[in-house]
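What follows is each chain in one-letter form.
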Amino acid sequence: RSIVFTSDRGGEDLFVIDADGRNERRLTNDPRPDWAAAWSPDGTRIAFAGNSRDNLEVEVVAVDGSGRAPLTDHPDRDYDPAWSPDGTRIAFTSERDGNPNVYVMNADGTGVTQLTDDPSGDFRPAWSPDGTLIAFESTRRGDTDVFSVAPDASGLRQLTFSQGFDGDPAWSHDGRRIAFETNRNGTFDVYAMRSDGTGQVRLTTSAADDADPAWSPDGSKIAFTSNRSG
């Protein structure tokens, strides 16, 4: 029913608007950037990367703009929050061990646990709809590829192997496929694959860059951003 987005119309802040473009309201009002917004499964809260403590932390705010509060409190950067399907946990990227890795915590910010541990970089976690896997992008093989791992850190699996960048994984709502962006053809395109990495299919073929895929709830369409119009 609603869309949350970041706007730089007066700083970088979060806004919510009805799906028909009406009833726009501002959620955050801070001179420092707020971005990477993610709805809670019950639609009552939004997690995001915010700077209210002069450092990038995972924060949360109610859909009416009230109750803004940081969930993490660390001198290094925390960002890329992603809710578990049942709303009880949040995966996120943190640089607290010296480089970006994926962490998981309870939805109230307690119980922070490191999920990945690699000296390169792991980013953009995304939960599978059944909560059994977390897909993420990683530079641990030299370039950027999509991997998956269980929330208990078991079963790490590499899903893409192309030269260049494969990242920003997005699960279909039935959990059978993952859309992602890749520049394996020179410019960025949107691809989709089965959840085990097989059956990779190119979905966009523009000479421009196509990125940031997001599935429709019924799985029939994928929205994405593109600079094909300039």
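These numbers come from a predicted model, not from an experiment.

An order of 16-17-18-19 is seen for the 4 strands of this open sheet, with the pairing classed as antiparallel. The two strands at the open ends of the sheet, each matched to only one other strand, are strand 16 (166-171) and strand 19 (201-202). In this structure, strand 17 (residues 177-182) lies alongside strand 18 (residues 189-194), joined through 6 bridges in antiparallel fashion. In the sheet register, Glu181 faces strand 18, and the bridge partner there is Val190.

Moving on, we come to the sheet that holds strand 5 (residues 45-50). Across the sheet, which stays open at both edges, the 4 strands sit in the order 4-5-6-7 with antiparallel pairing between neighbours. The strands lining the two open edges of the sheet, one partner per strand, are strand 4 (35-39) and strand 7 (69-70).

Turning our eyes to something else, we now look at the nonpolar core. It is characteristic of soluble globular proteins that their nonpolar side chains tend to be buried jointly. Judged by nonpolar contacts, Ala38, Ala47, Val58, Val60, Leu71, Trp83, Ile90, Phe92, Tyr103, Met105 and Ala107 together constitute the single largest core of 11 residues. Every element with two or more residues in this core is listed here: strand 6 (57-62), strand 9 (89-94) and strand 10 (101-106). If we skip the residues at most four places from it in the chain, Val58 touches Phe48, Pro70, Leu71, Thr72, Asp78, Tyr79, Pro81, Phe92 and Met105. In this structure, Ala82, Ala91, Val104 and Val149 belong to the second largest nonpolar core, which totals 10 residues.

Counted under the stated rule, the structure contains 6 aromatic pairs. An angle of 35° between the planes, with centres 5.9 Å apart, marks the rings of Phe180 and Tyr191 as tilted. With Phe180 in strand 17 and Tyr191 in strand 18, the pair connects residues that are 11 residues apart, well separated along the chain. Among the residues examined, Tyr191 registers a relative accessible area of 8% and is labelled buried. Across the ring face of Tyr103, the terminal group of Arg96 is positioned such that the distance to the ring centre comes to 5.4 Å.

Inspection of the entire model under this criterion finds 15 salt bridges. The partner of Asp122 in a salt bridge is Arg140, with the nearest N and O atoms 2.5 Å apart. You can see Asp122 sitting in strand 12 (residues 122-127) and its partner Arg140 sitting in the loop between strand 13 (134-138) and strand 14 (145-149), a full 18 residues away along the chain. The class for Arg140 is buried, based on a relative accessible area of 16%. The partner of Glu137 in a salt bridge is Arg124, and the shortest N-O contact between them spans 3.5 Å. You can see Glu137 sitting in strand 13 and its partner Arg124 sitting in strand 12, a full 13 residues away along the chain.

Moving on, we get to unusual backbone geometry. Residues other than glycine seldom take positive phi values, yet Asn23 does so here, at roughly 60°. With respect to the helices, strands and loops of the structure, Asn23 is situated in the loop between strand 2 (13-18) and strand 3 (25-26). Here the phi dihedral of Asp168 falls at roughly 55°; this positive angle occurs in a residue that is not glycine. Tracing the backbone through its elements, the reader meets Asp168 in strand 16.

Quick look at the pairing of strand 16 now. The element strand 16 is extensively covered by neighbouring structure, given that 6 of its 6 residues are classed as buried. Pairing between strand 16 and strand 17: 4 bridges, direction antiparallel. Across the sheet, Gly167 pairs through a bridge with Glu181, a residue of strand 17. A loop of 5 residues connects strand 16 with strand 17, the two strands running antiparallel in sequence, and Gly175 in this loop sits at a positive phi of about 75°.

For the rest of this paragraph, the subject is the environment of Thr204. Following the sequence through the fold, Thr204 ends up in the loop between strand 19 and strand 20 (210-215). Residue Thr204 is classed as buried on the basis of its relative accessible area of 6%. Through-space distance from the C-alpha of Thr204 to that of Ser162 is 17 Å; in sequence the pair is 42 residues apart. Among residues more than four places away in sequence, those in contact with Thr204 are Asp189, Val190, Asp210, Phe224 and Arg228.

Here is what the cut-offs are and how they apply
Residues numbered from 1 in each chain as written. Predicted model: local features only at pLDDT ≥ 70, side-chain atom pairs only at ≥ 80, totals over all residues. Heavy atoms only, no water. Pairing = 2+ DSSP bridges. Helix = DSSP H or I, 4+ residues; strand = E, 2+ residues; numbered from the N terminus. Core = buried A, V, L, I, M, F, W, Y, C linked by side-chain atoms within 4.5 Å. Buried < 20%, exposed > 50% of the residue type's maximum accessible area, 1.4 Å probe, protein only. Contact = heavy atoms within 4.5 Å. Phe/Tyr/Trp six-rings, centres within 6.5 Å; stacked < 30°, edge-to-face > 60°. Lys NZ or Arg CZ within 6 Å of the ring centre and 35° of its normal. Salt bridge = Lys/Arg side-chain N within 4 Å of Asp/Glu carboxyl O.

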